Amino acid sequence: MTSTTTPLTQLSAWKSLTQHFTAIESTHLRTLFEEDQTRGERLTAEGGDLFFDYSKNRVTDETLKLLIQLAEESGLRQRIEAMFSGEKINITEDRAVLHTALRAPRDKTIIVDGENVVSHVHEVLDRMSAFSERVRSGDWKGHSGKRIVNVVNIGIGGSDLGPVMAYEALKHFSQRDMVFRFVSNVDGTDFAEAVQDLDPSETLFIVASKTFTTLETMTNANTARAWLLAAFAGDSSAVAKHFVAVSTNAEKVSAFGIDTANMFGFWDWVGGRYSMDSAIGLSTMLAIGPDNFKAMLDGFHQMDEHYRTAPFEKNIPVLMALLSIWYSNFFGSESIAVLPYEQYLKRFPAYLQQLTMESNGKYITLSGNRVDYTTGTIYFGEPGTNGQHSFYQLIHQGTELIPCDFIAFGKSLNPLGRHHDMLIANVLAQSEALAFGKTEEQVKEEGTPDWLVPHRVFEGNRPSNTIFADELSPSILGQLVALYEHCVFTQGSIWQINSFDQWGVELGKQLAQRIIPELESSETPDLQHDSSTNNLIRRYRATKEK
């Protein structure tokens, strides 16, 4: 199945934006604010509980009109409806894209292949809730009769990044008499450090692999199984009390020793990087409880409804995506910094790296043609104020244009004296400094020696968005994640690429399966790689033999 449409660069709005860019390229944000005293109040939008200030972007009303026209000409509204209604828009894998169904209310109906998938979603959520309550209350006991106090999630990619991020983000709401760890890397150090101080008799492993064949996950799962059995004198019946699975492969789960009654499934219309609110979020539910997990799902759903119904000119995910396309495709910007001024969101930028770059790192369009424009943006970031003392220098005075998303909250979950006022002062100061900078005249007025003046000038005109909410909560986290999910989909729709496959992940995996036996063979292997790879394999084998 292929999709045919007018090439992006041939759309009327794209051509108009190209002309408009030449007229506005050198316009400074200082000028835009001076000419419109209401700009800071006017260029804002609200969705769910999020307030979005995009006034510090290098755009005029004409820019915004043309960007919204681009969204309309790209068929974005139709694409949104196709996704929400369960059409198989993931054309390379012939799948629906329905992460939005994971947070749909119980009475909602979404039909895929003749079945209402929402009822299946809530069946799994109910089973997750019942299991979580048993573990959290101490009703679920380990093989020796001890209560479970340690939970180790074993997964990789979306089966790890989402749960890790959510646990850190919502730690304030977690059950503090339980310990949560996450293992993803096939590097044995990851597992060894995760369990070093844990008692096997009090530890529960969640093995998250849809097929129960993922190389890294199953390698770590088998190591965890051996670690557990070593504590129980090899009694394999212990496995059923210390392992559960997030999978759809009942045969392999059962062969591992896990009771399939403790297997929680999800569906092929859920991509890994969109799955943190599915059964993949079991560790999250164990940490924060079913009620808080449901509040998070409600937050996701609020943003889903905003995205689906709000007009484009007030639609936060659409506006964010259009602004990123403006900078990427017209200014030549290659990256976006996500800067949460909230320590609990310290893993949020890392989570977004997979969501954004695995989704839109594509050079082939839905029609099967190579793009002749930039797609995919590099996302990175760190919590404020830490980032200010590392990479902000590049954003302020470097030669690269790096748009920023600042995320801030009106209240702290841990109010300590002046800390939060100082934190918010910094986020507001950074966006102001990036936008307006400091002129040569201002630097000279401070008495700066002439030779030093150029070093202390800030050109400004560096764009940013500010996303503001009252306080971080499970609902707000859901809204933030859904905001970026829909931003990614909007970008991909306009770039005419498939945001929901990831063929680029596969080649390295296939080659690794070929190389593993060449590293482990007791006989000298007949190497048929390139000269560099062959030489590195020989060096590794020689090192092992020392």
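Computed from a prediction, not measured in an experiment: that's the story for all the values here.

### Notes on the overall build of the protein chain
Thinking step 1. What the protein chain contains, in helices and strands, is 22 helices and 13 strands.
Thinking step 2. Rg of the C-alpha trace for the protein chain: 25 Å, near the compact-globule value of 24 Å for 546 residues, within the 12% margin.
Thinking step 3. Across its three principal directions, the C-alpha atoms of the protein chain cover 75 × 60 × 60 Å.
Thinking step 4. Counting all 546 residues of the protein chain, 54% fall into the buried class.
Thinking step 5. In the protein chain, the proportion of contacts linking residues at least 24 apart, taken out of those at least 6 apart, comes to 74%.

### Regarding the side chain of Arg103
Thinking step 1. Looking at the secondary structure, you find Arg103 in the loop between α5 (76–84) and β3 (111–112).
Thinking step 2. On the basis of relative accessibility, which here comes to 3%, the residue Arg103 falls in the buried class.
Thinking step 3. Look past the residues within four positions of Arg103 in its chain and what remains in contact with it is Asp277, Leu297, Phe300, His301, Asp304, Ala482, Glu485 and His486.

### Here we look at the UniProt feature "active site" (unreviewed entry) in the protein chain
Thinking step 1. Under the UniProt annotation, "active site" (unreviewed entry) lies at Glu358, His389 and Lys509. With a sequence span of 152 residues, these residues are also far apart in the fold, their greatest C-alpha distance being 37.1 Å.
Thinking step 2. When you line up the elements, Glu358 lands in helix α15 (residues 348–360).
Thinking step 3. In this structure Glu358 touches Arg273, Gln353, Asp501, Gln502 and Val505, once residues within four positions along its chain are discounted.
Thinking step 4. For Glu358, the side chain forms a polar contact with the side chain of Arg273, separated by 2.9 Å.
Thinking step 5. Within the fold, Lys509 resides in helix α21 (residues 506–520).
Thinking step 6. Its relative accessible area of 40% is what places Lys509 among the partly exposed residues.

### Remarks on the pattern of salt bridges
Thinking step 1. All chains considered together, the criterion is met by 21 salt bridges.
Thinking step 2. For the salt bridge of Asp126 with Arg106, the shortest nitrogen-to-oxygen distance reads 3.0 Å. Separated by 20 residues along the polypeptide, Asp126 in helix α6 (residues 117–137) and Arg106 in the loop between α5 and β3 bring together distant segments of the chain.
Thinking step 3. Using a relative accessible area of 36% as the deciding quantity, one classes Asp126 as partly exposed.
Thinking step 4. Residue Glu446 pairs with Lys438 through a salt bridge whose shortest N-O separation is 2.9 Å.
Thinking step 5. Three or more residues joined by partner-sharing salt bridges are found here, namely Arg103, Asp277, Asp304 and Glu485.

### So, the environment of Ala337
Thinking step 1. With respect to the element layout, Ala337 can be found in strand β10 (residues 335–340).
Thinking step 2. In sequence terms Ala337 and Trp269 are 68 residues apart; their C-alpha atoms lie 30 Å from each other.
Thinking step 3. With residues near it in sequence (within four places) discarded, Ala337 still touches Phe380, Ile395, Ile402, Pro403, Cys404 and Asp405.

### A short note on helix α13 (residues 290–309)
Thinking step 1. Across its 20 residues, α13 extends 28 Å between first and last C-alpha, which sits within 8% of the 28 Å expected from 1.5 Å per residue.
Thinking step 2. Of the residues making up α13, those classed as buried are Pro290, Phe293, Met296, Leu297, Gly299, Phe300, His301, Met303, Asp304, His306, Tyr307 and Arg308.

Conventions and cut-offs
Residues numbered from 1 in each chain as written. Predicted model: local features only at pLDDT ≥ 70, side-chain atom pairs only at ≥ 80, totals over all residues. Heavy atoms only, no water. Helix = DSSP H or I, 4+ residues; strand = E, 2+ residues; numbered from the N terminus. Rg over C-alpha atoms; globule rule 2.2 N^0.38 Å. Buried < 20%, exposed > 50% of the residue type's maximum accessible area, 1.4 Å probe, protein only. Contact = heavy atoms within 4.5 Å. UniProt positions renumbered as here; feature names shortened; annotations may be inferred. Polar contact = N/O pair within 3.5 Å; in protein donor to acceptor, adjacent residues only side chain to side chain. Salt bridge = Lys/Arg side-chain N within 4 Å of Asp/Glu carboxyl O. Expected span 1.5 Å × (residues − 1).

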